[in-house]
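# Architecture at a glance
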Amino acid sequence: MSLTKRSTRRRPGRSAVLLLAVCGVAAALTAGPAAAAGQETLHDLASAQGRYFGSATDNPELSDSAYTDTLGSEFGQITPGNSMKWDTTEPQQGRFDFARGDAITGFAQAHGQTVRGHTLVWHSQLPGWVSALPSAQVEAAMVNHITEVAGHYRGSVAAWDVVNEPFNDDGTFRTSPFYDAMGSDYIATALRAAHAADPDARLYINDYNTEGLGAKSDAMYDLVSGLVAEGVPVDGVGFQGHLAVQYGFPGGMRQNLQRFADLGLDVAVTELDVRMQLPAGAAGLATQATYYRDVVEACLGVERCVGITVWDYTDKYSWVPGAFPGQGAANLYDDNLRPKPAYAAVRAALGDDGGGGPAGPGALRARYRSNDSSVSDNQIKPGLQLVNTGGAAVDLSGVTLRYWFTGDNGASSYGTWCDWSPLGCSTLTHRVAAMSSPHTGADHYLEVGFGSGSLAPGTSTGEMQLRLSKTDWSNFDETDDYSHGAGDSYADAPKVTVYVDGELVWGLEP
Ligand code: XIL
């Protein structure tokens, strides 16, 4: 079966029902939360190119609803970051525990997503009892583990990383209880056991530092060439893609993926993130965006590249700071779940036509900070900036911004003010409008416009200090407002939308 889910267009106000073929069985699944208005999801964009776009996730994160809203809507595939590893699934010999993995497959099924199972045989996160086995018992324990785990997930896991990280960086085989007991034959044995347990799953070997041409990817190439020649059931090679801006982009990535595809195998980018030294600056984030773009382009350049999975989508839940002290900011969204420049770069590389969403270079952007000292008093005080990152002046007469919020209880009429703007408050227009169909986090928006003027290339309007209240001066609860953020310094704000002549050019509507 293909890991690529049928392309879907998810729109608000419509509960799409997806038909997803799960190992030959058609199952009706309800789509996740709707994507923003007019906005295709990353997975929609990838699907239009015959690929999936996925994210890793982990059980503790599933209780964060802001996080799961995006996980369930933007991504068409998920990989459990930890919960299908050996130390979780068979902590003691013969005692299997699938609770955490089942929570991940359950989430995927509820959101019409496919699952990459990760991982059956790996030297790491391996319980002590495996390493303590006499070597004559390792093969039976490995085969039993694969049989039980892949058997349990048969039908709900579309692809397995059967063997993870078999190589050292110099291309020699990594020692592990499996290699020590069976030599490199453990890989073929593991693949055969996985195929017997789940004949429909796509079976992968997965590793890192194999993205570009080099000794380690040569070793992987030799290994899988031999397996293919021997008829061992291997369907694909996974390239983790844990990149770092300070080490440069892997050389020849597209050509490298292509040579594996030429063996008749699928290839996939399975764990993409791009870390940098902290604190992250604008230059690092810009370089990072080009790395993400280049990975997408490498995959799209190879017909058998079936999809890309990011190793979680937000810095909030990244493994990087824990694994590489002093480094981080590796993901598409920041700690506050706001899309970063890399997100726009991925969208653009996936062929987004700019119809909504954080626009690419040359576009208008909204920046926002909260000027409120209280989120529960009777006024909302957004600070907004409009930035022209393009190369041409923008006529402001047709430009509007919207800040989305809920009116909560009380009057339905509003007063609005501009307290300060370097453009002069008299040049700004502002009003509150009610939405005809409210969404989560918004039933009204503050609309700010410019009667005239123009914004030169590379410049900002500077801070526009806006304020609004209800005419009965009743209190708001801003904490659930769509555009509200807690940050007290200006940052790109995709939840503050920008329009030119009424057409969305920046941001995600609620
Ligand atoms: C990482 C997880 O994200 C962490 O939560 C865990 O502590 C360590 O493992 N390569 C892999 C993944 O194949 O399984 C690793 O995941 C990241 C590196």
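Structure's up top.
In this report, we go over the structure that sits alongside the text. Since the model is a prediction, treat every value here as computed from it, not as a measurement.

### Notes on the sheet that holds strand β24 (residues 503–506)
- Across the sheet, which stays open at both edges, the 5 strands sit in the order β18-β19-β16-β23-β24 with antiparallel pairing between neighbours. Among the strands making up the open sheet, the edge pair consists of β18 (428–439) and β24. This sheet shows a mean twist of 35 degrees between the axes of neighbouring strands, independent of strand direction.
- Here strand β16 (residues 399–405) pairs with strand β19 (residues 442–450) via 6 bridges, running antiparallel. Bridge pairing in β19 links Trp404 to Tyr445.

### Things to note about the sheet that holds strand β13 (residues 364–370)
- The strand order β17-β21-β14-β13-β22 describes an open sheet built from 5 strands, whose pairing is antiparallel. In the strand order of this sheet, the two ends are held by β17 (414–420) and β22 (491–492), each with one partner.
- Direction of pairing for β13 relative to strand β14 (residues 382–388): antiparallel, over a ladder of 7 bridges. By the bridge assignment for β14, Arg365 is matched with Val387.

### Here we look at the layout of surface pockets
- Reported here for the second largest pocket is a volume of approximately 640 Å³.
- Around the second largest pocket, the lining is made up of 38 residues, and of these Tyr208, Gln240, His242, Glu271 and Trp319 lie nearest the centre.
- For the lining of the second largest pocket, the secondary structure elements donating two or more residues are β3 (52–57), α9 (215–230), β9 (242–244) and β10 (266–277).
- Considering only residue class, the lining of the second largest pocket consists of 13 nonpolar, 16 polar and 9 charged.

### Here we look at the nonpolar core
- If you look at the biggest cluster of nonpolar residues, it comprises 90 residues, and the most contacted ones within it are Phe53, Trp160, Phe178, Ile205 and Leu332.
- In this structure Ile205 touches Val163, Pro166, Ile187, Leu191, Met220, Leu223, Val224, Leu227, Val234, Gly236, Val237 and Gly238, once residues within four positions along its chain are discounted.
- Residues Val394, Tyr403, Tyr414 and Leu446 belong to the second largest nonpolar core, which totals 28 residues.

### Notes on helix α10 (residues 253–261)
- Three or more residues of α10 are buried, namely Met253, Asn256, Leu257, Arg259, Phe260 and Ala261.
- Structurally, α10 contributes buried residues whose contacts are with α9, β8 (236–239), β10, α11 (282–300) and β11 (305–310).

### Examining empty space enclosed by the protein
- Evaluated as defined, the whole model comprises 4 cavities of 30 Å³ or more.
- The volume enclosed by the second largest cavity comes to roughly 50 Å³.
- Surrounding the second largest cavity, Val121, Trp122, His123, Val163, Asn164, Glu165, Pro166, Arg174, Ser176, Phe178 and Tyr186 form its lining.
- When grouped by side-chain class, the residues that make up the lining of the second largest cavity number 6 nonpolar, 3 polar and 2 charged.

### Some details on the site of the ligand
- Taken together, 13 residues surround the ligand, and among them Asn82, Lys85, His118, Glu271 and Trp311 come closest.
- Across the complex, the protein chains shield 76% of the 420 Å² of accessible surface that the ligand would expose by itself.
- When each cavity is represented as a set of grid points, the ligand is found to reside in the second largest pocket.
- Split into classes, the residues belonging to the shell around the ligand amount to 3 nonpolar, 7 polar and 3 charged.

### Some points on the environment of Ala344
- Structurally, Ala344 can be placed in helix α13 (residues 341–349).
- The sequence separation of Ala344 and Tyr292 amounts to 52 residues, and the corresponding C-alpha distance is 9.8 Å.

### Re the state of the cysteines
- The final tally for this structure, using the stated rule, is 2 disulfides.
- Disulfide pairing places Cys299 opposite Cys305 at an S-S distance of 2.1 Å. Between Cys299 and Cys305 the disulfide shows an S-S torsion of about -100 degrees. By sign, it is left-handed.
- Exposure remark for Cys299: the relative accessible area of 0% places this residue in the buried category.
- The class for Cys305 is buried, based on a relative accessible area of 1%.
- The disulfide partner of Cys418 is Cys425, and the S-S distance across this bridge is 1.9 Å. The chirality of the disulfide connecting Cys418 with Cys425 is left-handed, given an S-S dihedral of about -65 degrees.
- Overall, Cys418 belongs to the buried group, its relative accessible area being 15%.
- On the basis of relative accessible area, Cys425 is assigned to the partly exposed category, the value being 23%.

Definitions and limits used
- Residues numbered from 1 in each chain as written.
- Predicted model: local features only at pLDDT ≥ 70, side-chain atom pairs only at ≥ 80, totals over all residues.
- Heavy atoms only, no water.
- Pairing = 2+ DSSP bridges.
- Helix = DSSP H or I, 4+ residues; strand = E, 2+ residues; numbered from the N terminus.
- Axes fitted to C-alpha atoms, helices over the stretch in contact; angles between N-to-C directions.
- 1 Å grid on protein atoms, 1.4 Å probe; cavity = no way out; pocket = protein on both sides within 12 Å on 5 of 7 lines; lining within 4 Å.
- Points joined across faces, edges and corners; volume = space filled by probe spheres on them.
- Nonpolar A, V, L, I, M, F, W, Y, C, P; charged D, E, K, R; others polar.
- Core = buried A, V, L, I, M, F, W, Y, C linked by side-chain atoms within 4.5 Å.
- Buried < 20%, exposed > 50% of the residue type's maximum accessible area, 1.4 Å probe, protein only.
- Contact = heavy atoms within 4.5 Å.
- Near = heavy atom within 4 Å.
- Areas by Shrake-Rupley, 256 points an atom, 1.4 Å probe, with all protein chains shown as cover.
- Sits in = over half its atoms within 2 Å of the grid points.
- Disulfide = S-S within 2.5 Å.

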